[in-house]
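# Tertiary structure, described
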Amino acid sequence: MPSLENIVQVAEALEKSPVIVMRDRCVAVRNRNATCRTCASSCPEGAIDVGLNEVKLEAGKCIACGICVSACPTEALVAVQPTEGGLREASLNSVKRNDGCAIVACARIAAKRQADPARYAEVPCLSFVDEALIIELASKGAERLLLVDGNCTTCKHQRCIDALEGSLRLAAGLLEAHGSSAVVDRVTGFPDALRVEDAQGLHGSTRRGFFSDAVGAAKETAMTAARTTLENELGYKIDEASIGDRLRVTEKGTLPQLRMPRHEAVLNALDAIGLPQEGAIESRLFGSVSIDVEKCNSCGMCAVFCPTGALARDDAEKASDPLRYLEFSAADCVQCGLCEDVCWKEALTLSRIVDASELYDFEPRTFKLRAPKKKSFTR
């Protein structure tokens, strides 16, 4: 059993750091030429600063809205309040408790203690609800997602609503493309079925479990599990090596590549819902790459720096010099934009419009590259 002192320390750490930054996952840390500033540009409070191989979060400014966590393409930001796993578990529990309806409420309306807390998930702001969560709930049998919030116009999170609306729009497009009939509704009050007379007592019981919940959350956050997982993936201890040592080119000829658990979970969830209809899908979760082979000089830097291996040398051609083929897998692309940034010939273009069939194509798309022109010297 943890001591009371340890529990209090964990609670204080959670309070001070609503979001944990996993620096080695950030493309701007991995390559200073990266133009990705998605987290900083999405933060409504200006709490994030990115530059010079560094990403910093000013905890005092952070309002724990969760927008940066959803926006980061490489999952470099990990939410602590609530954790991703905790929110997923509470949301899935609400699906079971409410006959196929997932219910998520913002903290402001939950604080009124009008409803049974065991039947809904609570978030600081509904902007925590992104397309990844919506799609997973739909794949687990949720026919409806009910988002309950209060009067946003007087809330400190009011600037987060645009982000929520964007997530809902993108989720709707993905669900429609995969033939899902799940719907998302926003309401300003709990359904009558959730209202109970002794809600105050129920909430009191829940709050008394805060410290034990805090310990469970700490184990689930990047302070422990995510950090260890990242170090195992990269093959080094983050605190024991400089950034230059940590991000050296591997034997494969690339920078250390990363698994994207949330990205994989979304793909599995979409697959569980059903194969997509033909046509284009707009998404920030996946990307599509095109290469102008007339401009490309076959340097292969895009494959070297791609954090997921979505762009890679053809297995049969890896030893070729100059590079003759590149392979691209849309299912592995997280739309970080680093391939575009490192292409000094400006031959590569990244798009958020993806062909639905390409997401599930086991064969990667192949680009046949032109050999660079040999320089001729004349007198």
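Described below are features of the structure shown in this document. Everything numeric here is computed off the predicted structure, so don't read it as measured data.

### Here we look at the overall build of the protein
Scanning the protein from terminus to terminus reveals 15 helices and 15 strands. For the protein, with 379 residues in total, the buried portion stands at 48%. Within the protein, contacts between residues separated by at least 24 positions form 75% of all contacts whose residues are at least 6 apart in sequence. Of the accessible surface of the protein, which amounts to about 19400 Å², a share of 49% is contributed by carbon and sulfur atoms.

### Focus: the sheet that holds strand 12 (residues 325-328)
Read across the sheet, three strands follow the order 11-12-15 without closing on themselves; strand pairing throughout is antiparallel. Two strands in the sheet have a free side with no partner beyond their single neighbour: strand 11 (311-313) and strand 15 (365-368). The mean inter-strand angle of the sheet, taken between neighbouring strand axes irrespective of direction, is 30 degrees. The pairing of strand 11 with strand 12 spans three bridges and is classified as antiparallel. By the bridge assignment for strand 12, Arg 313 is matched with Leu 326.

### With respect to the environment of Val 129
Structurally, Val 129 is set in the loop between strand 6 (121-123) and helix 7 (131-139). For the pair formed by Val 129 and Glu 165, sequence separation is 36 residues and the distance between their alpha carbons is 10.0 Å. Among residues more than four places away in sequence, those in contact with Val 129 are Val 104, Ile 134, Leu 145, Leu 147, Leu 164 and Ser 167.

### Notes on the pattern of salt bridges
Close approach of charged atoms allows side chains of opposite charge to pair. A full pass over the atoms with the stated rule returns 15 salt bridges. Its salt-bridge partner being Arg 159, residue Glu 45 comes within 2.6 Å of it at the nearest N-O pair. Of this pair, Glu 45 sits in the loop between helix 3 (38-42) and strand 2 (48-50) while Arg 159 sits in the loop between strand 7 (144-148) and helix 8 (161-177), placing them 114 residues apart in sequence. Residue Glu 45 is classed as partly exposed on the basis of its relative accessible area, which comes to 26%. Measuring nitrogen to oxygen at the nearest pair gives 3.0 Å for the salt bridge that ties Asp 185 to Arg 144.

### Here we look at the environment of Ala 79
Here Ala 79 shows up in strand 4 (residues 77-79). Classification of Ala 79 as buried rests on a relative accessible area of 7%. The sequence separation of Ala 79 and Val 69 amounts to ten residues, and the corresponding C-alpha distance is 6.5 Å.

### Looking at helix 8
A rise of 1.5 Å per residue sets the reference length of helix 8, with its 17 residues, at 24 Å; its end C-alpha atoms lie 25 Å apart and thus fit the reference within 8%. After helix 8 finishes, the residue Gly 179 shows a positive phi value of roughly 75 degrees.

Rules used in this analysis
- Residues numbered from 1 in each chain as written.
- Predicted model: local features only at pLDDT ≥ 70, side-chain atom pairs only at ≥ 80, totals over all residues.
- Heavy atoms only, no water.
- Helix = DSSP H or I, 4+ residues; strand = E, 2+ residues; numbered from the N terminus.
- Buried < 20%, exposed > 50% of the residue type's maximum accessible area, 1.4 Å probe, protein only.
- Contact = heavy atoms within 4.5 Å.
- Areas by Shrake-Rupley, 256 points an atom, 1.4 Å probe, with all protein chains shown as cover.
- Pairing = 2+ DSSP bridges.
- Axes fitted to C-alpha atoms, helices over the stretch in contact; angles between N-to-C directions.
- Salt bridge = Lys/Arg side-chain N within 4 Å of Asp/Glu carboxyl O.
- Expected span 1.5 Å × (residues − 1).

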